[in-house]
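# Structure at a glance
Here is what each chain is made of, one letter per residue.
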Amino acid sequence: MKTHYVIGAVVLMLGSPLYALAAEAQTPVSSAIPQTQIKQRDSFIATLMKKMTLDDKIGQLNLVSVGPDNPKEKIMADIREDKVGGVFNTVTKPDIRRMQDQVQYSRLKIPPFYAYDVVHGQRTIFPISLGLASSWDMQAVATSARVSAEETAADGLNMTFSPMVDITRDPRWGRVSEGFGEDTYLTSRLAYEMVKGYQGDDPSAPGNVMANVKHYALYGAVEGGREYNTVDMSLSRMFNDYMPPYKAAVDAGVGGVMVALNSVNGVPATSNGWLLKDILRDQWKFHGLTVSDHGAIGGLVKHGVAEDDRQAAAMALKAGVDMDMADNQYGQYLRGLLKDKLISEQDIDRAVRDVLIAKWDMGLFADPYRHLGPPSTDPVDTNAESRLHRTEAREVARASMVLLKNDNHVLPLQKKGTIALIGALADSQRDMMGSWSAAGVSKQTITVRKGMQDAIGDKATLLYARGSNIIDDPAIVTFLNSYEKQIQNDPRPAQEMIDEAVKTAEKADVIVAVVGEAQGMAHEASSRTDISIPQSQKNLLKALKATGKPLVLVLMNGRPLTLPWENDNANAMLETWFAGTEGGHAVADVLFGDYNPSGKLPMTFPRAVGQIPLYNSVLNTGRPFNPQKPDKYTSRYFDITNGPLFPFGYGLSYTDFSVSDVSLSSTTLARNGAITASVRVKNTGKVAGATVVQLYTQDVTASISRPVKELKNFEKVYLQPGEEKQVSFTLRTADLGFYDNQLKWAAEAGKFNVFIGLDSVNVKENSFLLL
């Protein structure tokens, strides 16, 4: 039996890092402020709060959305009366300045801040977050966040509701597109990079904005992948798998936290003092601002934990929600709740202080027009081409693409002959931008058709046919178009479009079919029970396959799809997600070999929806399935090939790489020591390329069952043909710890397996003992 070493304390005394990087993380921004500045800030805010009436204080807790029910004129009047703490959903300097100008007419002259959901770009749209994660490239991810921050600040905004770091292992959930995938370690790394990219070391500095990590907590684990649903899980799984990315954002100094809409083990996050006080503030030492999600406080009534909106407002405030987003529950009820002694003045003051500190940190008390500047600095054309960062967008988009299949080296394509480009998504600017595309403009987006035509010029002939609608189901089309006209179907009969596509394909040397989902099918409130390619496009693909021409699939989608037929019948498949403003050029770069793909999957692709949840870091069972020796009485499905279609970390290249056996610096690891695991990676192909070398570990015998394989580190390496490089990873005791069933952070002595490879399945193995 293993010896149990406790290296932390119970969960209510969390002192140990929740992911490996945290042990070496930089000091959070809030802790790095010189004490003299903290004293100056605290003195200023204390003096200001003495001047504030109760109504003034409640006004600061009001986070309002611009919209038809709340026009700018009404918001401006409320600002003059000190009833607005922050504003979101307005994104141009003139509009923001008009509102901020009203501050001078208010009694206390406390400026609101201005926020927006800048998730993967503000005006220049980068790949969706799942695509960013596919790059496994921290520099590329940091670039996307840095450019996003610069463009957000250039529009006069102070804050973004990003990054979204919810771990999710159910691709039925629509918001999979908005997050970084299934893995705790990878998402934690990305969370840290995104916060630093947005905020730098000072969210008030030119070109920086305050980040709000979301959705705290566990929103990605909603039951059945159904939007807004409940979450129920063990605390050990919660703290081992789902909480670390939020902690990583806190370690990076994130200024804000958006509270999730879901319940956690029966208690809605919005009324969950254990999450918001005990963990977030007391244990993680978060000193920033908490905001509810849109309408979440009123949602406590529907959760069934509050009798009415009045009680909901009391519960949220006492639990630790500082700002009320959009539903004005605080504005309506806090005064009466205080009078009836159902909340205290200290509850209100605590929340107000957090809001004012955030505004100080954003530099708004020093300059209410921070990021706005004088009117003379406003862009003549808000959507001017000169405001975009196309070079960066193209580079990041190329890095996000994952080559799933390439039989007989069909790819890269040659820039000659005739190419048939088929599919409604091939020429869709709106879909290329993906979900949560902020202030991006569809007309500025490069489609696959445009990108390929620009790439070949007059060297080859590109023929195009729509082939089918993205989806023909009228009920689904109506649903997707209910808030925004997202899908406009071709009224021609389906067979007529297929026939046209087949005639086009017959004239070509190769077919490139762009298929997948409309961006609205992978969005908030867009959960799917069927995650295959819609039938209209399947019918098209079968007809194209029947031509006998080489068939290349370019996938555009916001979640892992089930692709068994496609994998069996296509000659090549390239996963491009929704690649953003320069997506079409980036796709063409990869298709024609001007860029060698190096992306790796951040989520497992199942063979069928019935396998979900299917992810890499599963726990073993007492009767594990062995595909080499299949047995009936093991953990398996009998009606399908078990295991994923494409595993976590998978991705091909136009070259080949070899990985040596794993070499360890020692066969034992002392408690305060380190061990190095190394491999030699060689480019054995004919072209230069990059790949991601991935390190996984397994705690073979522990006090609780541990994952069969956990990602612990990775490195992206670029090699010329024939070039070889040694890649080494260091492991310490802290990297091997976990939360046990008593919620103690522990690393237990015994055998550990080490796996290194280019995906989570094809690995080389060695082992050592933790003493």
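One numbering rule holds for all chains: residues counted from 1, following each sequence as written. Selection of residues for local features in this predicted model requires a pLDDT of at least 70, selection of side-chain atom pairs for listing and counting requires 80 or more, and totals for whole chains, interfaces and linings are taken over all residues. Excluded from the side-chain calculation are hydrogens and water; included are all heavy atoms of the structure.

### Some points on the sheet that holds strand β6 (residues 210-216)
As a reminder of what qualifies: When DSSP finds two or more bridges between two strands, those strands count as paired. The helix count covers DSSP runs of H or I at least four residues long, the strand count covers runs of E at least two residues long, and both are numbered beginning at the N terminus. Contact criterion: two residues are considered in contact whenever any of their non-hydrogen atoms come within 4.5 Å of each other. Only the stretch in contact is used when fitting a helix axis, every axis being a line fitted to C-alpha atoms; angles between N-to-C directions are given from 0 to 180 degrees.
Spatial ordering of the open sheet is given by β10-β7-β6-β5-β4-β3-β2-β11, a layout of eight strands whose pairing is parallel. Each end of this open sheet is capped by a strand with a single partner; those strands are β10 (289-291) and β11 (324-325). Relative to strand β7 (residues 256-259), β6 is paired through three bridges, and the arrangement is parallel. Across the sheet, the residue bridging to Asn-212 is Gly-256, located in β7. Along the sheet face, helix α11 (residues 273-283) touches β6, β7 and β10 and points at about 130 degrees away from the line of β6. Helix α15 (residues 345-361) rests against β4 (113-116), β6 and β10 of the sheet, and its axis sits at about 115 degrees to β10.

### Re the sheet that holds strand β27 (residues 750-757)
Across the sheet, which stays open at both edges, the five strands sit in the order β20-β28-β27-β22-β23 with mixed pairing between neighbours. At either margin of the open sheet sits one strand with a lone partner, and together these are β20 (668-669) and β23 (710-719). Pairing of β27 with strand β28 (residues 763-770), which is carried by eight bridges, proceeds in the antiparallel orientation. From the neighbouring strand, Gly-750 faces β28, where its bridge partner is Leu-770.

### Some details on the pairing of β7
For the record, the criterion: Exposure categories follow from relative accessible area, calculated using a 1.4 Å probe and restricted to protein chains: below 20% of the type maximum is buried, above 50% is exposed, and the middle band is partly exposed.
Side chains Gly-256 and Met-258 project from β7 onto one buried face, and the interleaved Val-257 and Val-259 project onto a second face that is buried too. The sheet contact formed by β7 and β10 spans three bridges and is parallel. Looking across to β10, one finds that Met-258 is bridged to Val-291.

### Description of the pattern of salt bridges
As a reminder, the rule being used: Salt-bridge detection follows one rule: a side-chain nitrogen of Lys or Arg within 4 Å of a carboxyl oxygen of Asp or Glu.
Under the defined criterion, the tally for this structure stands at 44 salt bridges. Residue Glu-150 pairs with Arg-146 through a salt bridge whose shortest N-O separation is 3.4 Å. Placement of both Glu-150 and Arg-146 in helix α7 (residues 138-154) is noted, with a separation of four residues, approximately one turn of the helix. According to the relative accessible area criterion, Arg-146 is partly exposed, its value standing at 25%. Here Arg-492 and Glu-500 are joined by a salt bridge, their closest N and O atoms 3.3 Å apart. Under the relative-accessibility criterion, Glu-500 is labelled partly exposed at 33%. Among the charged side chains, a salt-bridge network with shared partners connects Asp-117, Arg-175, Glu-178, Lys-214 and Glu-524.

### Some thoughts on the side chain of Arg-430
Worth spelling out the cut-off: Two N or O atoms count as a polar contact when they lie within 3.5 Å, although within protein this holds only if one can serve as hydrogen donor and the other as acceptor, and sequence-adjacent residues are included solely when both atoms are side-chain atoms.
Among the structural elements, Arg-430 can be located in helix α17 (residues 429-433). Residue classification places Arg-430 among the buried residues on the basis of a relative accessible area of 17%. For Arg-430, the side chain forms a polar contact with the side chain of Glu-484, separated by 3.2 Å. Discounting chain neighbours no more than four positions away, the residues touching Arg-430 are Ser-437, Ser-442, Glu-484 and Gln-519.

### As for the UniProt feature "domain: Fibronectin type III-like" (unreviewed entry) in the protein chain
Threshold: UniProt positions are given in the numbering used here, feature names are shortened, and annotations may be inferred rather than shown by experiment.
Within this structure's numbering, the places UniProt gives as "domain: Fibronectin type III-like" (unreviewed entry) are residues 691-760. Taken as a whole, residues 691-760 contains 0% helix and 61% strand, while its terminal C-alpha atoms sit 13 Å from one another.

### Quick word on the environment of Phe-755
With respect to the helices and strands, the residue Phe-755 is situated in strand β27. A sequence separation of 655 residues divides Phe-755 from Gln-100, and the C-alpha atoms of the two residues are 56 Å apart. Those residues in contact with Phe-755, other than ones at most four positions away along the chain, are Gln-694, Leu-695, Tyr-696, Thr-697, Gln-698, Val-708, Lys-709, Val-763, Lys-764 and Glu-765.

### Here we look at helix α14 (residues 329-339)
Every α-helix carries 3.6 residues per turn, so stepping three or four residues along brings you back to the same face. Our working rule: Read the arc as the range of directions from the helix axis to the C-beta atoms.
Listing the buried residues of α14 in full gives Gln-329, Tyr-330, Leu-334, Leu-337 and Leu-338. Looking straight down α14, one finds that the buried residues subtend no more than 100 degrees of arc, so they occupy a single side. Where α14 is buried, its residues touch α3 (54-60), α13 (309-319), β11 and α15. A positive phi of about 60 degrees marks Lys-341, the residue just after α14.

### Focus: α15
Quick reminder of the rule: To estimate the expected span of a helix, count its residues, drop one, and scale the result by 1.5 Å.
Taking 1.5 Å per residue, 17 residues should reach 24 Å; α15 reaches 24 Å between its end C-alpha atoms and fits that length. Within α15 the residues assigned to the buried category are Asp-347, Ile-348, Asp-349, Arg-350, Ala-351, Val-352, Asp-354, Val-355, Leu-356, Ile-357, Ala-358 and Lys-359. Following α15 by one or two positions, Gly-363 has its phi on the positive side, about 80 degrees.

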